[in-house]
Structure formats: C-alpha cells, structure tokens
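# Topology and contacts: notes
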Amino acid sequence: MVTLNINGSDHTIDVETDTPLLWVLRDELALTGTKYGCGLGLCGACTVLLDGRPTRSCVVPVSAVSGQAIVTIEGLSKDKSHPVQRAWIEESVPQCGYCQSGMILATVALLKNKPNPTDHDIDTNVTNICRCGTYNRVRKAIHRAARMQENGETPVGGSSTA
Amino acid sequence: MSDITRRAFVGGAVALTGLTLSLELPAQETARQAAPGVPRPPRTPSAFLQIGEDDRITIITPAVEMGQGGHTSLPMIIMEELGGNWDRLRVVDAPAAAIYNNPLFGLQATVGSFSVRGWYLELRRIGAAARVMLLQAAAQTWKVSPEHCVADGSEVIHDSSGRRCSFGSVARLAASLPIPQNPLLKTVAQYTMIGSSPPRVDVPDKVDGSARYGIDVTLPDMLYAAVKTCPTFGGKLKSLDDSACRSMPAYRATVRLADGVVVVAQSYWQARKALERVKVEYELGPLAGLDSEKVSQQLHAGFAEPGFVARHDGKVEAALAGAAKVLESVYEVPYLAHACMEPMNCTARVTDAGCEIWCGTQNPQAAQAAAATALGIAPARVQVHVQYLGGGFGRRGEADYVTQAVLAAKATQGKPVKLIWSREEDIQHDFYRPAAAIRFRGGLDAAGKLVALEAKIISASAPAIGRPGAPPFFVEAVEDANYRIPNFYVTGLNKDLGVRFGFWRSVNHSHNPFMLEGFIDELARAAGKDPYLFRREMLQHGSEGARRQLAVLDLMAQKANWQHPPAGHAFGISAFEAFGSFIGTIVEVSVKDRFVTIHRVVQAIDCGVAIHPDNISAQLEGGMAFGLTAAVRGEITLRNGAVMQANFNDYPALALSEMPLVESYIVPSTAAPGGVGEPGTGPIAPSLGNAIYAATGQRLRSLPLSRHRLSLKVART
C-alpha cells in the first residue's frame, strides 16, 4: 500500500512498490495524460511535477514519491486555463500531441524557476523529444506564456500545487 | 450504406438526428485521377456529414488524426461549401468501411499525403448538396424562392427580408428533400474558410491530457499484455518456459506467437515483469548472419545486375561517350525506424459475437482484416474503434500489433486486453525505411550543360498503393524529375534482403532527393556553375511541373538572398516535386571543427490551393525536423540479423536545442491541392549536404552526417 498526493488529493493504492509512478498514474488512477514513451527517462513524455520539479515518472518507483506533491497534466487546471496551456493553444503547438503533456509540465517547471527564460534556458531545460518537430512552436509558446505570467495572468481554477 | 457502416452508426458512435442524407451522389472523378479499375463506391453524404436539430454539425472524417491535421482540413472543405459555423463542429473518426476509401487510390488509409488531395472534390460536393437542401427547406418554410437565400454561419438568410433561421431548425425538413446531384460549387476566389487557418480541432484536448490515444483506452475488466519477438528477421519461436511467471499473482496467460511470446497480466507493469521471467528459445532463421556491411555489399552488387527500365530518353551511352566531362558517383542511405512517440499498441476484446479493437491506425480496414484473419472470422464481425495516433509516419499503416493483441484477447475469455510494445520492441521490429543506393553517371558538354544522366537505383520497394501490377515505385523522385535532360536513363533493381521494410514519412522522397539533388549539385560544380542557376536552366522547358518547381526555386532563392550568403556562411539548395506538391529548401550553414552549424532554413512549397496555411507551415517545419534527424544521425544498423538500436539513447531524435530557425513560404496557387504532410521531409538532407560542400569542399554521398564524424549545432540569433 502506498499513499500518493496527486493533484491535491490523497490516494491510497495497493500496488507493488517497484511499479514506476507512470504505470500507477495510468493504470491505477486512469490519469492517462501522462504518457509512456521510452521507459528509460530519455524522452520526457511521462514528465510530472514532484514538489514542483519536472520528473520522468517512468523511472521513479512509486515507493519513492510518497509524501511528495505530484502534479500531472490533468492537475494543471480544470479548464485548460493555465497560462502555459493557453499559450499552447494560441500558438497551435501540438501535432500528434503525444509528447505535449510532458512538454507543458517541463515548461511549467521552467517558468517557475525562470519566469522570463532566454532561448538558451529553454534549450537546456526542455529536453523532451517530439518526433513531429513542434519545437519552434514550443519555444514560441514558452515565451508567450512567460509574457502572460509577467502581465499578471494567473491560472483560473488552477491547482495550487502547480 | 453498407451493413458495417449502418451498424456502426446505429451502434451509437454517431447520432442520427436531423439532417440525414441517405441518397447517393453520382461518382465523379477527381481532377488528378489515379488507378483505372479501382472500385469507387458511391458516397452517401450522411456517412460524412450530419446536422442535428441542436445545430451540432458532425463530420465523420475518413482521415485519422496523427498530427498532420486531417481532422481540421477535411472538415474545412465540407464547411466551406456548407456555410457552417466552425464552433458547432464535432469531428468523429470513420469506422472501417469501404465508403471511406480514398477516391484517389481506393483504400481507407491516411497515407501518402493523400487525404486532402483525394477528398477535396467529393467533400465539397457533399457540403454543397447539404447547403442546397437547407436553403430549399428554409425557402419552403418561408414560401420564398431558394435563389434568394444564402447559408452563412450555420444560418439560412433570406436576402430581401433579412429573415434568418438556424440550420438545426430546418434540418429535419431538409433531410426529407431530394439530394441535388450536381450542386454548384464555389470557385477558389469565393472561398472564405479554405485558406484561413481556423483553430485545429484536436489541439485543446492535447494540452490537458484528455486526448485519447490508442494506448489510453480503458475498459472494464481490462487486462494488459507485454510482448517480445525474435530479434532476427524471419526468426521463429522454438520453445518457451513460462513456469517462473505462472506463480505471480497478477499473471493471467501466456500466448505463443509464431515469432515470439505475449504475457497477459492484471497490470501492464506486472505483464512486463512476467515477460522477463519467460525463457524463450528462437530459431533465428536464414538472416541470422546478416549485418550492415553485408547489406551495403549486396546493394552495391546490384549495380552489376540487370534491373528494369524506369525512364529512357535519348541515347545515354552515346551522349556520355561524346560528353566533354563525365562524372560518376555512388550514393547510399541506411535503414531508418519510425520511432513514433506512442509505441505500437492495440486493445482487443474477443467474444462469441466477434471482435472489437481499439487502436491508432492509419488503415482501419487493414486492422480489421488482420483481426479477422487472426481469428478466422469474417471482417464484418470486427469493429474498429479508431483513436488518436501518437505519431504514424507510415508505421501505423501496418497491423502486426493488431494481430498480436487479438491473439492475446482470444486467450482471456472475453476480457479485453491492452497490448503495449516496449520502446525496444518498437525500434527493433519496425517496418524500416529501406536502405538504398544509387550509382549516377552524368555528362556535361563543353558549355557545361547536362546532356546525359544515368541512374541505377538499388533498394527494396513496397508495392505501389492502389496500383496493383504497377512496377516498383522506389524509382520515383529520380525517374520523374522535372529537369530537361536530353539523354536520361533510369533503371531500378528491387532487392529485398529480408529486412522488414515499409512506408516512412515521405517514402522514396525521404532519400532519393538526397542522392539525385546531391549529384545535380556535383554536376553544377563540375560545370563551374551556380547550383541554383544550373537547376534553373534545366527547368525552362515550360511543362507545368517545371514551371511550378522553378517558381519554388526562385521564391526561396529570393527569400534567402541566395547570391549573398553572410560572410563565412554557405548555402545549399534543392527542390523537387513530391506528393503532388513542389517543395524546396535552402540551408545556411557554417562548418568548423567537425561541427555543422545551421543558421537558417528557408522552405517554400507550391501545394496548390492552400487549405490551412498555418498547418502547412507546421507540416513543413515538422517534416524538416523528421528529415533532419535522419540526415544528422538516423541509422538503423544490423548485426547477426538483429537491429542494434533499441531506444532513444542509441536512436536519438532531434532535440529542441537542435531545431533550427525555419521560414516557410507558400506559393499562391489555384491548382488542385497537393500533399503537405510529407514533402517537407525530403529536401533538408540534400540541401544540408550541398551546403556542407559549399562550406568545406567535402562532398557527402552517404547519410547520416555522424558517419562522417560531423555533428550538428544550431545558431540562435
């Protein structure tokens, strides 16, 4: 049994402790916005926030995250209203979209530490892989989200843990 | 309506409310028709478009959504003629049914950049027919002439009185009216929706995790399956011992495949762990000794073997003998994997009544057929639920993963099974872009004019889609070059080495242009001519293809300021016809200490009528990134008959930090639409190779750059 704090609520789950957080989120809690891409922490499709840090949930055993605040893409807002989500929509970033949950959460973490990131900051912090090649729009959306946050636009209905 | 279509609709996926058009429009040929003899079922409008009394417009799209925008661009074509309000639109994937076969090639497959090309005329006719019926219904209600009514924003408006009514309010009456057989279509100049860039319908659900991909399907009592197959191509399962996993509480079943094993468990992680405990022995098969060196040797050996003639203009041998200068070069490219971000997966439920499958697929009828074959039942008993695709790129046109899931579900007494491949399985059991080699000989006259070109192409060729009996088409992007070359001889040798191969984004245009446009560049340099002007000269002969390719060449040369590269930088150029469009790229680089720095990428396309310009730009950028990954480091290598790469560490994709600045330009055109999903992939490799030559004098005749100890850097302004 492990107890996890996910998107602001506690969940007690009966699962083997070596199970990666990714599969607990997807298969036990039906939070399927977090994606499996590589299983080795290489691609970033499974990125979630652990106490605000971007973390690749496919290589984190569930036993290691008890007591930490976990935010998944579903917890970012109730209505796609987080500035990063809105910037993503306005720049029409996704193509196939499979990597985008991870991209968005990596961006949320980046903007928390660097509210006005340079291109170099983006290059070094957003290491998620996108096979559709949406990278230039990802970059534009990050800058747009930074401007939105700078202008005081706070997420409407967003999770306080994000 | 066929039985399967009717059943799927009545079954609940699409509610039949209001306007349901059940008569048939006569089949009409599209402008660029292919394939004589391809069966062309009459199109039933209600299979594509339904308008509810609640004003909801439901469009059932025959193109799946894998990132290329089919869920937006095809509805735009209907909505243009219908006059519908974009905000009322709901888009639904079509079930597997022949009525959704692409008019251009006769299959229900989202491949070959065919979706807009194939459906452009038919969907306009469906939208226009519905508009006429709605106008007539409103006119009847108002007792006015329909000629004085127009449709706009999901309303019918009477021009003199200004009366308005919603589509929904007259939908039921409209549905009872006869379907006009030849509704008047708009001209390109009248378009208001086509050529605008409405928000893509799939985007909002892709920013909050609610978009449902195949891998996200969740059903009551669902079990999970992991799979492992023989590492060598053509290998078979010899024996398995699953005694070590049978004691695991979550274990449910072991399923033998001809070439591997599936383990079913109560969770996916448990299935993976159980699979690791299964001891498997394989018969490695006849390819167990194959490695990349032998592949290369066999391709090169093909140059001495007879092939088939794909193009024969003039007398090449005589022209080469009389040429002032003759060049000979051999080019080669490796196997490539697709590496879709979403690993292959399928969920299946098998009961006495039949089978249901849920997956991302580019070819629902192929998925249906694979399931039917695996179970020995009629395809009509297999229902396919198409989901979003986490990348397709040609890989999801295959149905191997469907077969595996269905066989697993057959062993679970009616409980659904979700089978998910590991990334390692995905990289090592792909249908690879085939390795290929071309030997060129080219002859220049004393004035530096290309008078003779001979190309011998060695590769494995997938069958030409929708053209049964047609010659192998891996010679395309060479034999159909728009350049005027008086003596032009192209042969091909279809060399299947036993390595699984298939369609990879832009198919033969992913690599043949690297080789042809590289050799054209060599010839230009040997002639002492500017590579852009050398190409220009060969496109002055006035054919439609040459004229449009020339316009693309000129546009990007102008945008890049071709004659004046920044100090210390060099340009590379290439352009060609692909998927009914004309595409070109100029790359600006500098090279220092084995690092190739890309400063700028300029792309131009003539894709005929541009349906959704913003998405066209996205596709050109994305296609370029796909091609750049391959050009820089994409390589699947073999040892002992098995693929050596397994994950993104040894088959790395382009990173965000490596994505260059890209400018994309669209040539204004009123021609019938061409494809946009694939053309952008091909030009980056030749343009990059040509730019590296311009910067260093080193000619790259094989890919990837990493073979030549070159690495990529990207300049940020």
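Residues numbered from 1 in each chain as written. Chains lettered and ligands numbered in written order. Predicted model: local features only at pLDDT ≥ 70, side-chain atom pairs only at ≥ 80, totals over all residues.

## What to know about the overall build of chain A
Our working definition: We count a stretch as a helix when DSSP gives it H or I for four or more residues in a row; a strand needs E for two or more, and each element gets its number in order from the N terminus. Neighbour counting defines burial: a residue surrounded by 20 or more other C-beta atoms within 10 Å of its own C-beta is buried, one with 12 or fewer is exposed, and intermediate counts give partly exposed, using backbone-placed C-beta atoms. The contact rule is simple: place each C-beta atom from the backbone, and if two of them lie within 7 Å, those residues are in contact.
The secondary structure content of chain A amounts to five helices and five strands. Going residue by residue from the N terminus, the α and β elements of chain A occur as β-β-α-β-β-β-α-α-α-α. Overall size of chain A, expressed as C-alpha extent along the three principal axes, is 45 × 30 × 25 Å. Each of the 162 residues in chain A was classed as buried or not, and the buried ones make up 60%. Nonlocal contacts in chain A, meaning residues at least 24 apart in sequence, comprise 66% of its contacts between residues at least 6 apart.

## Focus on the overall build of chain B
From N to C terminus, chain B includes 16 helices and 27 strands. In terms of principal-axis extent, the alpha carbons of chain B reach across some 80 × 75 × 50 Å. Counting over 717 residues, chain B shows a buried share of 59%. Excluding contacts between residues fewer than 6 apart, the proportion of contacts in chain B whose partners are at least 24 apart in sequence is 78%.

## Section: the packing of helix H15 (residues 613-633) of chain B against helix H16 (residues 684-696) of chain B
All names here are of chain B. Here is the rule: Here the axes come from fitting lines to C-alpha atoms, over the contacting stretch only for helices, and the angles between their N-to-C directions go from 0 to 180 degrees. What sets the label is the angle itself: under 35 degrees gives roughly parallel, over 145 gives roughly antiparallel, 65 to 115 gives roughly perpendicular, and the rest give oblique. Residue type decides the class: Asp, Glu, Lys and Arg count as charged, Ala, Val, Leu, Ile, Met, Phe, Trp, Tyr, Cys and Pro as nonpolar, and the leftover types, Gly among them, as polar.
Packing of H15 against H16 brings their axes to within 8 Å, and their N-to-C directions diverge by 55°. It follows that H15 is oblique to H16 by the angle criterion. In this structure, H15 uses Met-624, Gly-627, Leu-628, Ala-630 and Ala-631 to contact H16, whose residues at the interface are Ile-684, Ala-685 and Leu-688. Of the residues in the contact of H15 with H16, the class split is seven nonpolar, one polar and no charged.

## A few points about the sheet that holds strand E2 (residues 57-61) of chain B
Residue and element names in this part refer to chain B. Operational definition: Strand pairing requires that DSSP identify at least two bridges connecting the strands.
Judged by pairing direction, the sheet is mixed, and its three strands sit side by side in the order E1-E2-E3 without closing on themselves. Only two strands of the sheet have a single partner each, and these edge strands are strand E1 (49-51) and strand E3 (89-93). Within the sheet, the average angular offset between the axes of one strand and its neighbour, ignoring direction, is 20°. As defined by bridge partners, E1 adjoins E2 across three bridges and the pair is classed as antiparallel. When the bridges of E2 are listed, Leu-49 appears paired with Ile-59. Across the sheet, helix H2 (residues 70-82) lies against E1, E2 and E3, angled at about 120° from E2, the strand it touches most.

## Let's talk about the sheet that holds strand E10 (residues 260-265) of chain B
All names here are of chain B. Taken in spatial order, the seven strands line up as E9-E10-E7-E17-E14-E15-E16 in an open sheet, and their pairing is mixed. Of all strands in the sheet, those with a lone pairing partner are strand E9 (251-257) and strand E16 (382-386), marking the two edges. Neighbouring strand axes in the sheet, compared pairwise and without regard to direction, differ in orientation by 20° on average. Where strand E15 (residues 354-359) lies against E16, five bridges are found, and the strand directions are parallel. Among the inter-strand pairings, Cys-355 is bridged to a residue of E16, identified as Val-382. Packed on one face of the sheet, helix H6 (residues 268-277) meets strand E7 (223-229), E9, E10 and strand E17 (417-420) and runs near 35° to E7. This element, helix H9 (residues 364-375), spans strand E14 (345-351), E15 and E16 of the sheet and lies at about 140° to E16.

## What about the confidence of the model for chain A?
We apply this condition: Known as pLDDT, the predictor's confidence for each residue is given on a scale from 0 to 100.
In the predicted model, chain A carries a mean pLDDT of 94, and 94% of its residues have values of at least 70. Below a pLDDT of 50 lies the segment residues 156-162 of chain A, which in the model reaches 25 contacts outside its immediate sequence neighbourhood of four places, other chains included.

## What about the domain arrangement of chain A?
In many reports, interface size means the accessible area that the parts give up when they come together. Residues and elements named next belong to chain A. The criterion, for reference: Domain boundaries shown here were taken from an automatic or database domain assignment.
With domains assigned, chain A is organised as domain 1 (2-73) and domain 2 (83-150). A separation of 21 Å is found between the C-alpha centroids of domain 1 and domain 2. Contact residues are listed per partner, giving 14 residues for domain 1 and 13 residues for domain 2. For the side of domain 1 that touches domain 2, the secondary-structure elements that each account for two or more residues are strand E3 (47-50) and strand E4 (53-56). A total of three residues in the side of domain 1 that touches domain 2 trace back to one element, the largest contributor, which is E3. Residue composition of the side of domain 1 that touches domain 2, grouped by class: seven nonpolar, five polar and two charged.

## Considerations on the interface of chain A and chain B
At the junction of the two partners, chain A supplies 45 residues and chain B supplies 48 residues. Mapped by element, the contributors of at least two residues to the side of chain A that touches chain B are helix H1 (21-28), helix H2 (83-90), helix H3 (100-113), helix H4 (119-125) and helix H5 (135-150) of chain A. Here the side of chain A that touches chain B is composed, by residue class, of 23 nonpolar, 16 polar and six charged.

## Side note on the packing of H2 of chain B against helix H3 (residues 115-142) of chain B
Residues and elements named next belong to chain B. For the record, the criterion: Handedness of a crossing follows from how the near helix is turned relative to the far one, being left-handed for an anticlockwise turn of less than a right angle and right-handed for a clockwise one.
The interhelical angle for the contact between H2 and H3, taken along N-to-C directions, is 35°, at an axis separation of 7 Å. Crossing angle aside, the handedness with which H2 passes H3 is right-handed. For the pair H2 and H3, contact is made by Gly-70, Ser-73, Leu-74, Ile-77, Ile-78, Met-79, Glu-80, Glu-81 and Leu-82 and by Ser-115, Val-116, Trp-119, Tyr-120, Leu-123, Arg-124, Ile-126, Gly-127, Ala-128, Ala-130 and Arg-131, respectively. Partitioned by chemical class, the residues of the contact of H2 with H3 number 12 nonpolar, four polar and four charged.

## Remarks on the pairing of strand E1 (residues 2-6) of chain A
Remember that side chains alternate between the two faces of the sheet whenever the strand is regular. Residue and element names in this part refer to chain A. Going residue by residue along E1, you find Val-2, Leu-4 and Ile-6 tucked away on one face and Thr-3 and Asn-5 left uncovered on the opposite face. Where E1 meets strand E2 (residues 9-13), five bridges bridge the pair, whose relative direction is antiparallel. Along E2, the bridge assignment pairs Val-2 with Ile-13. As judged from the two bridges shared by E1 and strand E5 (residues 69-71), these two strands associate in the parallel manner. Of the residues in E5, the one forming a bridge with Ile-6 is Ile-70.

## Focus: the environment of Gly-209 of chain B
With respect to the helices, strands and loops of the structure, Gly-209 of chain B is situated in the loop between helix H4 (167-175) and E7. C-alpha of Gly-209 of chain B to C-alpha of Val-507 of chain B: the two residues are 298 residues apart in sequence and 31 Å apart in space. Aside from chain neighbours lying at most four places away, what touches Gly-209 of chain B is Thr-32, Gly-33, Thr-72, Ile-73, Glu-74 and Ser-101 of chain A.

## A closer look at the nonpolar core
Residues and elements named next belong to chain B. Defined as follows: Among buried residues, those of type Ala, Val, Leu, Ile, Met, Phe, Trp, Tyr and Cys that are joined through C-beta atoms within 7 Å form a set called a nonpolar core.
If you look at the biggest cluster of nonpolar residues, it comprises 277 residues, and the most contacted ones within it are Ala-225 and Ile-357. Broken down by element, the residue count for this core peaks at 14 residues, all from H3. With near-sequence residues (within four places) excluded, Ala-225 lies in contact with Val-262, Val-263, Val-264, Ala-271, Ala-408, Val-417, Lys-418 and Leu-419.

## Quick notes on the environment of Leu-89 of chain B
Residues and elements named next belong to chain B. You can see Leu-89 is positioned in strand E3. Residue class for Leu-89 comes out buried when judged on the 20 C-beta atoms lying within 10 Å of it. Leu-89 sits 38 residues away from Ile-51 along the chain, and the two C-alpha atoms are 9.5 Å apart. Each residue touching Leu-89, except ones within four places of it in the same chain, is listed here: Ile-57, Ile-59, Pro-75, Met-79, Gly-84 and Val-201.

## Details of the domain arrangement of chain B
Residues and elements named next belong to chain B. For chain B, the domain assignment lists domain 1 (3-201), domain 2 (214-285 + 344-420) and domain 3 (293-335 + 431-714). Counting residues at the interface gives 15 residues for domain 1 and 17 residues for domain 2. With three residues, the single largest contributor to the side of domain 1 that touches domain 2 is helix H1 (residues 3-13). Partitioning the side of domain 1 that touches domain 2 into residue classes produces nine nonpolar, three polar and three charged.

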